[in-house]
Number of protein chains: 4
Amino acid sequence: MSEKATFVLTITCPDTVGIVAAVSGFLTQHDCFITEASQYGDPLSLRFFARMVFSEGALTPPPAELKMLFSLVADRFQMIWNLYDMAIKPRVVVLVSKFGHCLVDLLHRYHTGQLGIEIPAVISNHPDMRSIVEWHGIPYHFFAVDRHDRAGQEERVAEMIERLDVDLVVLARYMQILPARMCAKLAGRAINIHHSFLPSFKGAKPYHQAHARGVKIIGASAHYVTADLDEGPIIEQGVERVDHKATPEDLVAIGRDIENVVLSRAVRWHIERRVLLNGGKTVVFK
Amino acid sequence: MSEKATFVLTITCPDTVGIVAAVSGFLTQHDCFITEASQYGDPLSLRFFARMVFSEGALTPPPAELKMLFSLVADRFQMIWNLYDMAIKPRVVVLVSKFGHCLVDLLHRYHTGQLGIEIPAVISNHPDMRSIVEWHGIPYHFFAVDRHDRAGQEERVAEMIERLDVDLVVLARYMQILPARMCAKLAGRAINIHHSFLPSFKGAKPYHQAHARGVKIIGASAHYVTADLDEGPIIEQGVERVDHKATPEDLVAIGRDIENVVLSRAVRWHIERRVLLNGGKTVVFK
Amino acid sequence: MSEKATFVLTITCPDTVGIVAAVSGFLTQHDCFITEASQYGDPLSLRFFARMVFSEGALTPPPAELKMLFSLVADRFQMIWNLYDMAIKPRVVVLVSKFGHCLVDLLHRYHTGQLGIEIPAVISNHPDMRSIVEWHGIPYHFFAVDRHDRAGQEERVAEMIERLDVDLVVLARYMQILPARMCAKLAGRAINIHHSFLPSFKGAKPYHQAHARGVKIIGASAHYVTADLDEGPIIEQGVERVDHKATPEDLVAIGRDIENVVLSRAVRWHIERRVLLNGGKTVVFK
Amino acid sequence: MSEKATFVLTITCPDTVGIVAAVSGFLTQHDCFITEASQYGDPLSLRFFARMVFSEGALTPPPAELKMLFSLVADRFQMIWNLYDMAIKPRVVVLVSKFGHCLVDLLHRYHTGQLGIEIPAVISNHPDMRSIVEWHGIPYHFFAVDRHDRAGQEERVAEMIERLDVDLVVLARYMQILPARMCAKLAGRAINIHHSFLPSFKGAKPYHQAHARGVKIIGASAHYVTADLDEGPIIEQGVERVDHKATPEDLVAIGRDIENVVLSRAVRWHIERRVLLNGGKTVVFK
């Protein structure tokens, strides 16, 4: 006997009376059993957000038909929506430079099945991580940055991402800026880890900035990539206490552990379809 | 123009297909606008829990009629349910002994309107807090404990609580054990703050126990009162780092701040009807 | 038998060999028993910081003489130093506007003896807090702000602070900017609580700024007041998780609890002489 | 030009007047430059603890002679003491079973030089981790547990540890109990990570116990191994918030991240000689 398929339905639309009734009525009518449901109505933007997890029943039509039928409900409420079959593992490509901690952390979670994803490739502007990536059985694409032709490298990275047909791009301490065109193309599908508690300390060397300011708590932020550096919608943040004894190097070391946890949470929430965009902010249904 | 009334509906029932559809369909049908909705299906107990906040529309029947109509839906799913009119402030009586920090904290939140409650009285086995309570315009009932007739004091406290017709009893560091009969009567309606990270360090002098064990983090726990001391369903917990330098007295001082925050959260969540009982545990819809 | 007097010695000087040996040798020689000692050498500024707590022995000379003798050691190392007799309670004046939570929190700690301070007065630009302050037996000075003569009010506040001969000024959500001259005069002796996780969200309405940016963690910062608004040396920070559901008003409410704890810690550390200035940063010997 | 050698001196002795003066005087006299110094006098046990980091000067005698000279000071105060040359990397052997997250985390920190240690071997009762360990160039010793001869396996593990001449044994989720004799031999030199917030939930399946109790925060604890299971001196603890939605499996997954951070901190503090034993507790000079 096959296990019942599980689906996630995500919805964004103008808030009004009857949305939940319409959606849950539809699902009940088609013999779907809701196992998780989260809603949020933003009182400022007057937008409505929902995520519903359901398993199919004996009378549930196949996904393609279910989608077609649901589109009638969706149109009535002007919904932006998606129906994900959770049996299909999202394809996640990881970009990395020289700092491997976030990459190694993601690889371990992937390797042990904690993250239900495929990693069709790791892409880097440095050769350093090739060995550990290939140990995990994952192809490693190294595109060196030529100072005189930065655009050329960007082009090759973009082409590779295109060719790999990915659901999500993770910048796991990838120290290159993505070109604006690529940011636009990957809107809502590329996650960066910034090693500061945004919006503090944007840009380069945030731990050194934090040290200079004498903060007592440092942090890291995972956010969707936009053309505005470090200004994208924040998905998750983490913090840790520090004191006057910590050198900038100590902050870097403490920060690595925060970055690992924050980035892996953001990736997991994204692939479980828990993150919806609300303008420059996110709704995260934990 | 009067503001629209707001209601909270809480539901517990066996989990099955169609509950959300039935409830949200009912609310839509009666012109209620859902502003918050939370659901949870416990995969172990197979119980379903929901909390819905809605405001009435032009065609919404008056509360009494709405309740009567809803009971038909409720019966179909064997629901344990409540419909709360949020315009009616819950009556909360606070019990306190000599340590006043939780009481003072609650009084300040009450006084500034942060907690939408009535406090018809504060009850104590000590006279110490009378002055600050009466400054807030709240009656103070002092029932001294007679060592030779402990039951007599308990009886007078119980009678007073009975007479005050309260929705919630808060033990804000009340250092007396409530008699089992009273615990039973107040099941799910009495919150205690225990000054440890339960289940560690039950019973007396938990900070001294924590010091003796050399823990690196201390905590406090707000839980519903049951006849089993410190074994009731946990509503909220909080923690703080400590180190080897902290004496038991330091832990007591650090703990006070945790207790204040944890207790006030538990009280707020309770009166906003966010806490549902799930056997010996709680579902908290934050 | 009288209890032995306790003293705190704080030291800042250029870092070099032999400082600890000289200071601890001096104290041992004069029969002082060190109960706490903390040191820090900043590898960047090459400054040395120390705090020593000691109790006097039978052969310890009286404080005035001890100071005179120590000044010989101090001069040798170009020390900036202070010797505090912990039996003398610091005089702390609190400034407040309309939001009373930090004030009420400090008053409760003062009232119960948790903070070993005198509060000779509370000063405000609003009359609202008079009653609760006077309940605590503390004079309340209300100086209204005249829009056409802001400088006049500032002058009267400054005069009052001058007259009260205070060790520390606490801005407990005092929504007025102190004039630069007063900031300079109170350098290292005035603590402000800013309701954001600095350096994020300086200036007005930080919780609204935090909401607009969609951060997942909010905070508060206690810092010494300087003429540069919200740029003074940070003493302590605190944070709390929030999610997309939190309105700006929710953030304000959550923030209050952080502000209370952060401000009261900063005040306690200051009066226990645990905070030393290191340029625009602080060394905090917890 | 060679860099100056760095040493750590740790001291435990009965508290009395003049210890710091004697030690810092000794170091100054031998041209040692103190870069870090931490002291603690336990008011209950009346024991004194100190850790001093210093670099040698031109006139500092070689380590062996310095030790001989210092023993005269040490004897005067009945010190238990050690002088560590930080240029010598401690030898750390890791024991692991099937759950590899803590091991992989430690290996990554070792590999990138974040942890200044040698790992002469990894020992396991399962073959699963061989490949990743050997990828790091570290020998892997697999000793299967024979149900009918558990003692035989214990013997072989003990022999191997003996032969490897290790400074520290790390039980990185090693699911076997060490025999009492071995615990005694490794007293203060073996660190275990227990996957609960001790003293809550000792023994097996702590996350399942935590789930059953309905706690709102879970944790992990690193402690020195003693013959009393999960009763050894706690070095570090970490926590994370959870809610009613978390299944036992979710708690296991969330817990892994806490375990990694807590264990790696405990290991780092131990090898930096920051942890001193104080009866059944620890003094940790962070």
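Residues numbered from 1 in each chain as written. Chains lettered and ligands numbered in written order. Predicted model: local features only at pLDDT ≥ 70, side-chain atom pairs only at ≥ 80, totals over all residues. Heavy atoms only, no water.

Student: Help me understand the overall build of chain A in this model?
Tutor: Regarding its fold elements, chain A presents eight helices and 13 strands. Expected size for 286 residues packed as a compact globule is a radius of gyration near 19 Å; at 21 Å, chain A falls within 12% of this value. Seen along its three principal axes, the alpha-carbon backbone of chain A occupies a region of about 60 × 40 × 35 Å. Residues classed as buried in chain A amount to 58% of the 286 residues present. Across chain A, contacts joining residues at least 24 apart in sequence account for 66% of those joining residues at least 6 apart. Surface accessibility of chain A: about 11800 Å² in total, with carbon and sulfur atoms responsible for 54%. The positive charge centre, built from 31 side chains, and the negative charge centre, built from 32, are 4 Å apart in chain A. (Helix = DSSP H or I, 4+ residues; strand = E, 2+ residues; numbered from the N terminus. Rg over C-alpha atoms; globule rule 2.2 N^0.38 Å. Buried < 20%, exposed > 50% of the residue type's maximum accessible area, 1.4 Å probe, protein only. Contact = heavy atoms within 4.5 Å. Areas by Shrake-Rupley, 256 points an atom, 1.4 Å probe, with all protein chains shown as cover. Lys, Arg positive; Asp, Glu negative; His and termini not counted. Charge placed at Lys NZ, Arg CZ, Asp CG, Glu CD.)

Student: Sorry if this is basic, but what is going on with the relation of the copies chain B and chain D here?
Tutor: Between the two chain copies there is a screw-like relation: a rotation about an axis and a shift along it. If you rotate chain B by 180 degrees and push it 0.0 Å along the axis, it lands on chain D with an RMSD of 0.0 Å. In symmetry terms, the pair is related by a two-fold rotation axis. Considering only C-alpha atoms, the part of chain B nearest the rotation axis is S200(B), at 2.5 Å. Looking at the interface residues of chain B, 100% of them are also at the interface in chain D, so both copies use one shared face. (Least-squares fit on C-alpha atoms with pLDDT ≥ 70 in both.)

Student: How do you make sense of the interface of chain B and chain D when you look at a structure like this?
Tutor: One frequent convention defines the size of an interface as the accessible area lost when the parts assemble. Contacts between chain B and chain D engage 36 residues on the former and 36 residues on the latter. Carbon and sulfur atoms supply 56% of the area buried between chain B and chain D, which totals about 3000 Å² over both sides. Looking only at chain B, the three residues that lose the most surface to chain D are R213(B), K216(B) and H244(B), adding up to 25% of its buried area. The interface formed by chain B and chain D includes four salt bridges. Among the ionic pairs, R213(B) bridges to E231(D), the shortest N-O distance being 3.8 Å. (Buried area = accessible area lost by both parts, 1.4 Å probe. Salt bridge = Lys/Arg side-chain N within 4 Å of Asp/Glu carboxyl O.)

Student: Explain the pattern of salt bridges to me, please; I cannot follow it from the model alone.
Tutor: Close approach of charged atoms allows side chains of opposite charge to pair. Enumeration according to the criterion identifies 64 salt bridges over all chains in this entry. The closest approach of N and O atoms between D105(A) and R109(A), which form a salt bridge, is 2.7 Å. Taken as a pair, D105(A) and R109(A) lie in helix α3 (residues 101-111) at a separation of four residues, close to a single helical turn. The same class applies to D105(A) as to R109(A), namely buried. E272(B) is the salt-bridge partner of R274(B), the closest N and O atoms lying 2.6 Å from each other. Classification of E272(B) by relative accessible area gives partly exposed; the value is 22%.

Student: Before we go on, may I ask you to explain the packing of helix α1 (residues 19-29) of chain D against helix α2 (residues 63-76) of chain D in this structure?
Tutor: If you want to describe how two helices pack, look at the angle between their axes and the distance between the axes. Residues and elements named next belong to chain D. Two numbers describe how α1 lies on α2: the axes approach to 10 Å, and their chain directions differ by 165 degrees. Regarding the angle of α1 to α2, the classification is roughly antiparallel. Relative to α2, the crossing made by α1 is right-handed. Residues A22, V23 and F26 of α1 touch α2, and the partners they reach there are L66, L69, F70, V73 and R76. (Axes fitted to C-alpha atoms, helices over the stretch in contact; angles between N-to-C directions. Parallel < 35°, antiparallel > 145°, perpendicular 65-115°, else oblique. Left-handed = near helix turned anticlockwise from the far one by under 90°.)

Student: What's the story with the pairing of strand β2 (residues 33-41) of chain A in this structure? I'm lost.
Tutor: A regular strand carries its side chains on alternate faces of the sheet. Residue and element names in this part refer to chain A. In the sheet, β2 pairs with strand β3 (residues 47-55) via eight bridges, with the strands oriented antiparallel. Residue Q39 lies in a different strand from β3, and its bridge partner there is A50. In textbook terms, the turn of a hairpin is the stretch between consecutive antiparallel strands, and for β2 and β3 this stretch comprises five residues, one of which, L46, has a positive phi near 55 degrees. (Pairing = 2+ DSSP bridges.)

Student: Teacher, can you tell me more about the relation of the copies chain A and chain D here?
Tutor: By a simple turn and slide, chain A fits onto chain D: the slide is 0.0 Å along the axis, the RMSD is 0.0 Å, and the turn is 180 degrees. Most of the interface of chain A is mirrored in chain D, where 100% of its interface residues again form contacts.

Student: I tried to follow unusual backbone geometry on my own but got confused; where do I start?
Tutor: Across the chain, the bulk of peptide bonds are trans and the bulk of non-glycine residues have phi less than zero. The omega angle of the peptide bond from L198(A) to P199(A) is 5 degrees, so this bond is cis rather than trans. Mapped onto the elements, P199(A) comes out in the loop between β9 (190-194) and α7 (206-213). Unlike most non-glycine residues, D165(D) shows phi in positive territory, near 55 degrees. Within the secondary structure, D165(D) is located in the loop between α5 (150-164) and β8 (168-171). Of note, K205(D) is a non-glycine position whose phi angle comes to about 50 degrees, a positive value. Inspection of the secondary structure puts K205(D) in the loop between β9 (190-194) and α7 (206-213). Using a relative accessible area of 56% as the deciding quantity, one classes K205(D) as exposed.

Student: Looking at this structure, I do not really get empty space enclosed by the protein. What am I missing?
Tutor: Sizing a probe to match a water molecule and rolling it over the atoms shows the empty space that remains. Roughly 240 Å³ of volume is contained in the largest cavity. Contributions of two or more residues to the lining of the largest cavity are made by α3 and α8 (248-271) of chain A together with α3 (101-111) and α8 (248-271) of chain D. Considered class by class, the residues forming the lining of the largest cavity number four nonpolar, eight polar and eight charged. (1 Å grid on protein atoms, 1.4 Å probe; cavity = no way out; pocket = protein on both sides within 12 Å on 5 of 7 lines; lining within 4 Å. Points joined across faces, edges and corners; volume = space filled by probe spheres on them. Nonpolar A, V, L, I, M, F, W, Y, C, P; charged D, E, K, R; others polar.)

Student: So what exactly am I meant to see when it comes to the layout of surface pockets here?
Tutor: Residue and element names in this part refer to chain D. Here the second largest pocket defines a volume of roughly 750 Å³. Around the second largest pocket sit 34 residues that line it, and Y174, M175, Q176, H195 and G203 are the ones nearest its centre. Listing elements by their share of the lining of the second largest pocket, those giving two or more residues are β9, α7 and α8. Per-class residue counts for the lining of the second largest pocket are 15 nonpolar, 12 polar and seven charged.

Student: How should the interface of chain A and chain D be read in this particular structure?
Tutor: Taken residue by residue, the interface counts 16 residues in chain A and 16 residues in chain D. A per-residue breakdown of the area chain A buries against chain D is headed by H108(A), W135(A) and D257(A), which together make up 33% of the total. Connecting chain A to chain D are four salt bridges. The salt bridge partner of R109(D) is D257(A), with a shortest N-O separation of 2.6 Å. Listing elements by their share of the side of chain A that touches chain D, those giving two or more residues are α3, α4 (130-135) and α8 of chain A. Across the side of chain A that touches chain D, the residue classes break down as four nonpolar, five polar and seven charged.

Student: Can you help me understand the side chain of S196(C) in this one?
Tutor: Along the chain, S196(C) falls in the loop between β9 (190-194) and α7 (206-213). Apart from residues no more than four positions distant in its own chain, S196(C) is found in contact with F201(C), P206(C), G219(C), A220(C) and S221(C).

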